[in-house]
Every structure is written in structure tokens, then in C-alpha cells.
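Remarks on the overall topology
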Amino acid sequence: MRQRTWNVLTTLTLITTWFDIAPVSAVYFIKCAVAQVEVKMEDFVSLIKELRTRFPRLALLENEPMKEHCSFKIGGEAAAMAMPSSIEETSQLCLFLHEKGVKPLIIGNGTNLLVTDKPLRRFVIKMSDGMSTMERRKETEIFALCGISLARLATECAHLSLSGLEFAHGIP
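Residues numbered from 1 in each chain as written. Predicted model: local features only at pLDDT ≥ 70, side-chain atom pairs only at ≥ 80, totals over all residues. Heavy atoms only, no water.

Observations concerning the sheet that holds strand β2 (residues 59-65)
As a reminder, the rule being used: DSSP calls a pair of strands paired once it identifies at least 2 bridges connecting them. Numbering of helices and strands runs from the N terminus, with a helix taken as a DSSP run of H or I at least four residues long and a strand as a DSSP run of E at least two residues long. All axes are obtained by fitting lines to C-alpha atoms, using only the stretch in contact for helices, and the reported angles, taken between N-to-C directions, cover 0 to 180 degrees.
With mixed pairing, 4 strands are arranged side by side in an open sheet as β2-β3-β6-β4. Each edge of the sheet is formed by a strand with only one pairing partner; in this case those strands are β2 and β4 (105-107). Neighbouring strand axes in the sheet, compared pairwise and without regard to direction, differ in orientation by 25° on average. Two elements, strand β3 (residues 77-83) and strand β6 (residues 120-126), share 4 bridges in a ladder whose sense is parallel. Bridging from a neighbouring strand, Ala82 pairs with Ile125 of β6.

Concerning the pattern of salt bridges
Here is the rule we go by: One side-chain nitrogen of Lys or Arg within 4 Å of one carboxyl oxygen of Asp or Glu is enough to make a salt bridge. Under the scheme applied here, a residue whose accessible area is under 20% of the maximum for its type counts as buried, over 50% as exposed, and between as partly exposed, the area being computed with a 1.4 Å probe on protein chains only.
Within the structure shown, the criterion is met by 3 salt bridges. Between Lys100 and Glu50 there is a salt bridge, with its nearest N and O atoms 3.1 Å apart. Of this pair, Lys100 sits in helix α4 (residues 87-100) while Glu50 sits in helix α3 (residues 41-54), and the two are 50 residues apart along the sequence. Overall, the relative accessible area of 41% leaves Lys100 in the partly exposed class. Residue Glu50 is classed as partly exposed on the basis of its relative accessible area of 33%. Glu62 is paired through a salt bridge with Arg52; the nearest N and O atoms lie 3.0 Å apart. Note that Glu62 is positioned in strand β2 and Arg52 in helix α3, a separation of 10 residues in sequence.

With respect to the pairing of strand β8 (residues 141-144)
The alternating pattern of β8 places Glu141 and Phe143 and Ile142 and Ala144 on opposite faces, both of which are buried. Of the pairings in the sheet, the one linking strand β7 (residues 134-138) to β8 comprises 4 bridges and is antiparallel in character. Residue pairing for β8: Lys138 is matched across the bridge by Glu141.

A look at the packing of aromatic side chains
This is how it is decided: Aromatic pairing here means that ring centres of Phe, Tyr or Trp (its six-membered ring) are within 6.5 Å. Orientation follows from the plane angle: under 30 degrees is stacked, over 60 is edge-to-face, and everything else is tilted. Here, a charge over a ring is recorded when the distance from Lys NZ or Arg CZ to the ring centre is within 6 Å and its angle to the ring normal is within 35 degrees.
Taken as a whole, this structure holds 1 aromatic pair when the rule is applied. Pairing Phe55 with Phe96 gives two aromatic rings, centres 5.9 Å apart and planes at 80°, and the pair type is edge-to-face. Linking Phe55 in the loop between α3 and β2 with Phe96 in helix α4, this pair joins segments that are 41 residues apart in sequence. The lysine or arginine in question, Arg137, covers the ring of Phe143, its NZ or CZ lying 4.1 Å from the ring centre.

Focus: the confidence of the model for the protein chain
Convention followed: What pLDDT expresses is the predictor's confidence in each residue, scored from 0 to 100. By definition, residues are in contact when any of their heavy atoms lie within 4.5 Å.
Averaged over every residue, the pLDDT of the protein chain is 77; the share at 70 or more is 75%. Summarising per-element confidence for the protein chain, the mean pLDDT is lowest in strand β1 (residues 28-29) (36) and highest in β2 (94). Contacts of residues 1-37 to residues separated by more than four positions or lying in other chains number 76 contacts, the stretch itself having pLDDT below 50.

Structure below.
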């Protein structure tokens, strides 16, 4: 019997290339990166205003506590957080931020994420609920968006008799 394998395509690959963000597999210490890409608070006021006009359906939060978005329940307030609901919205948002010279902090579901308790003068993009779908493309291939949890993805692959992701079942 031929062993089936899986392939996962995500928008995160493209986004990480645009913003020179290294993909991480374990715990990512945001504190190390904060000082390098902080945005002046007065710049956020005009940025938020322009975002609300340009992207009226975008879930956009200001002064959002990061502890509400991390499994460890730690972290100070992010100056702004966007939660795109589609690939198109994510792409347009990233292009807009790139044009404005803003390098966002892109997070997934916040598992294994340690965030400083100090305020983050950062624009955070959270890939979660709206970006958590998956579909089978071919017999041995699935397409999953970057907001899906590894545990859910592993379970779905097992139900489809696809192998290779068993190790990820216990990873949130």
C-alpha cells in the first residue's frame, strides 16, 4: 500500500518573505524584536484612521492586551491589532503596511508565544479564526490557511488517511 503524504500551503510563507520574518517552530520571544521595529504612537493615530477608511470590514483593535491572544496569558498592550478574515484582506493589508513602512508582528493562535508585559508599540496581525480553513485539493494534498491550529490540522489529516503530521497532534 502506498503511503500518503501531506502538503500544506499558507499565506504566511508569502507574508514572511515580504517582511523578512523568520518562521518559528517553538517559543518566540517577542521582547527581543520589539526595539527594532517600534512605531511612534502619533504615527499610529493616522495609520489607524486610514486603515478604518480603507478597510472598513477589517477587525481592528487598538491598545489590545496581548495576554488575551497568548496561551500563557502574558503580554502588554499592542498599539494596534488586525485580524484579517481572508487571503485577499491579508494580502491587501500587508501591501498597505509595506507601503507605509510598517513591519507588523504576525502571530498565529498565540500558543507558545511569550510577550513582554511592557506596551508594544507594534502593529500586530493575528492569523486565527478567519484564516483557519482547510480543504482537500488532491488525493494526497490539502490546502490549509495559516490560522489553523496544528492539532486540528493533524486530526483532519488523520481523518483523510494522510500521514506525516502525526507528531503535531498534541501541538496547539
